[in-house]
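Structural overview
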Amino acid sequence: MSDTRPHPDLSTVMRLRRAIGAIGLTLPFVLLAGVVLFGIPMQRSVSDFFFTEMREVFVSASAGTGLFLVAYQGYPRRSGEVLSDRVISSIAGVAVFTTAFVPTLCATEDCYRPLALFDRLIPAAYDQTQQNIHFAAAGLFLVCMGITSLRLFTRCSVKNPRPHKQRRNQCYRVFGWTILAMVVLVGVVKVFLPESGQRWDSDWSFTFWAESVALWALGLSWLLKGETLSNEIPFLFGAPVS
């Protein structure tokens, strides 16, 4: 009788995909739960929760995602391919690690203490540099995730993929473009409409919701690739594929 159990390496890859997807999908909800259940002030962005009692949640989610991405192998590198699965996931992993350990600047005077290590290492005169590093790393992470969903998750080993693979690829493209659209939206507002952006952040946490949409798209994309959604909603996403 043949052994039908999945190869251990494939099982590990699937668990990594599901873990990344679960973190991306649930992080905004967990932060919002802290606002609703524990009276933590609503923040302008996901990163600003670093300066609240939800710091450990934000850092753990970012560091965990970074660790999973650095460990993730993905598809083998093709001949002449520059942005291989391994390269993109490693860049994304380092970028999201950076967002965890190089925090954005606190927008208020009563920030939650203690300060982060980088708050102590980087002189106050270079605060803007610290913030730019954080924003650049966050943007790079999301861009890499968008590319992963658009270019890597849509790969197929056959010339004419089956209908269920075509449906899955349509979902990956929607998720990928959603991630990139949110990055562009936030970037345009921050660069070209700074005063409006600050007002929108103060009034209704514009950046937080844009980042949350990107994280939800990221989470759904990775969960689908990890075959979680295929098993739960087969009529929509199709049967699982290897």
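Residues numbered from 1 in each chain as written. Predicted model: local features only at pLDDT ≥ 70, side-chain atom pairs only at ≥ 80, totals over all residues. Heavy atoms only, no water.

1. A closer look at the overall build of the protein chain
Scanning the protein chain from terminus to terminus reveals ten helices and zero strands. Of the regular secondary structure in the protein chain, the N- to C-terminal order runs α-α-α-α-α-α-α-α-α-α. Across the protein chain, every contact between residues at least 6 apart in sequence was considered, and the portion connecting residues at least 24 apart equals 71%. On the protein chain, roughly 13100 Å² of surface is accessible, and the fraction owed to carbon and sulfur atoms is 64%. (Helix = DSSP H or I, 4+ residues; strand = E, 2+ residues; numbered from the N terminus. Contact = heavy atoms within 4.5 Å. Areas by Shrake-Rupley, 256 points an atom, 1.4 Å probe, with all protein chains shown as cover.)

2. A few points about the nonpolar core
Counting 26 residues, the largest nonpolar core has Leu-69, Phe-141, Met-145, Leu-218 and Trp-222 as the members making the most contacts within it. Counting residues in hydrophobic clusters, the runner-up holds 18 residues, among them Leu-27, Phe-49, Ala-100 and Ala-116. (Core = buried A, V, L, I, M, F, W, Y, C linked by side-chain atoms within 4.5 Å. Buried < 20%, exposed > 50% of the residue type's maximum accessible area, 1.4 Å probe, protein only.)

3. Describing a nonpolar patch on the surface
On the surface, a nonpolar cluster with roughly 390 Å² of combined accessible area is contributed by Val-82, Leu-83, Val-87, Ile-91 and Leu-140. Within the secondary structure, Leu-83 is located in the loop between α2 (55-71) and α3 (85-101). (Patch = residues over 30% accessible without salt bridge, like charges linked within 9 Å, V, L, I, M, F, W, Y side chains within 5 Å. Salt bridge = Lys/Arg side-chain N within 4 Å of Asp/Glu carboxyl O.)

4. A look at the side chain of Gln-131
Mapped onto the secondary structure, Gln-131 falls in helix α5 (residues 127-152). Sequence-distant contacts of Gln-131, defined by excluding residues within four places in its chain, comprise Thr-104 and Leu-105.

5. A closer look at the environment of Leu-16
Considering the arrangement of structural elements, one finds Leu-16 in helix α1 (residues 8-38). Look at Leu-16 and you get buried, because its relative accessible area is 14%. Excluding anything up to four places from it in sequence, Leu-16 contacts Phe-68, Ala-71 and Tyr-72.

6. A few points about the environment of Thr-99
Residue position: Thr-99 is located in helix α3. Take Thr-99: its relative accessible area is 6%, and that puts it in the buried class. Once the C-alpha coordinates of Thr-99 and Ser-47 are considered, the two residues, 52 residues apart in sequence, prove to be 7.9 Å apart. Ignoring anything within four residues of it in the chain, the contact list for Thr-99 reads Phe-58, Ser-62, His-134, Ala-137 and Ala-138.

7. Re the side chain of Lys-225
Note on placement: Lys-225 falls in helix α8 (residues 206-225). For Lys-225, which is buried and forms no salt bridge, the nearest opposite charge comes from Asp-85, at a distance of 7.5 Å. A polar side-chain atom of Lys-225 sits 3.4 Å from the main-chain carbonyl oxygen of Phe-153. Excluding its chain neighbours within four sequence positions, the residues that come into contact with Lys-225 are Met-14, Arg-17, Tyr-75, Phe-153, Lys-165, Arg-168 and Tyr-172. (Lys, Arg positive; Asp, Glu negative; His and termini not counted. Polar contact = N/O pair within 3.5 Å; in protein donor to acceptor, adjacent residues only side chain to side chain.)

8. So, the pattern of salt bridges
On inspection of all chains with the given rule, the structure shows one salt bridge. Taking the shortest distance from any N to any O, the salt bridge between Asp-201 and Lys-190 comes out at 3.1 Å. Taken as a pair, Asp-201 in helix α7 (residues 194-204) and Lys-190 in helix α6 (residues 163-192) lie far apart in primary sequence, eleven residues in all. According to the relative accessible area criterion, Lys-190 is partly exposed, its value standing at 36%.

9. A short note on the packing of α3 against α5
Where α3 contacts α5, the axes come no closer than 8 Å and their chain directions differ by 150°. One finds that α3 runs roughly antiparallel with respect to α5. In the packing of α3 onto α5, the handedness of the crossing is left-handed. Residue-level inspection shows Asp-85, Ile-88, Ile-91, Ala-92, Ala-95, Val-96, Thr-98 and Thr-99 of α3 in contact with α5, the latter providing Ile-133, His-134, Ala-137, Ala-138, Leu-140, Phe-141, Cys-144, Met-145, Ile-147, Thr-148 and Leu-152. Partitioning the contact of α3 with α5 into residue classes produces 14 nonpolar, four polar and one charged. (Axes fitted to C-alpha atoms, helices over the stretch in contact; angles between N-to-C directions. Parallel < 35°, antiparallel > 145°, perpendicular 65-115°, else oblique. Left-handed = near helix turned anticlockwise from the far one by under 90°. Nonpolar A, V, L, I, M, F, W, Y, C, P; charged D, E, K, R; others polar.)

10. Some words on the packing of α6 against α7
Their axes nearest at 5 Å, the elements α6 and α7 cross at an angle of 120°. Together, Val-189, Lys-190, Val-191 and Phe-192 of α6 and Pro-194, Gly-197, Trp-200 and Asp-201 of α7 make up the contact between the two elements. Split by residue class, the contact of α6 with α7 holds five nonpolar, one polar and two charged.

11. A closer look at the confidence of the model for the protein chain
For the protein chain, per-residue confidence averages 86 on the pLDDT scale, and residues scoring 70 or more make up 85% of the total. Ranking the elements of the protein chain by mean pLDDT puts helix α10 (residues 234-237) last, at 50, and α8 first, at 97. For the stretch residues 1-5, pLDDT sits under 50, and the model shows zero contacts to residues farther than four places along the chain or on other chains. (pLDDT = per-residue confidence, 0-100.)

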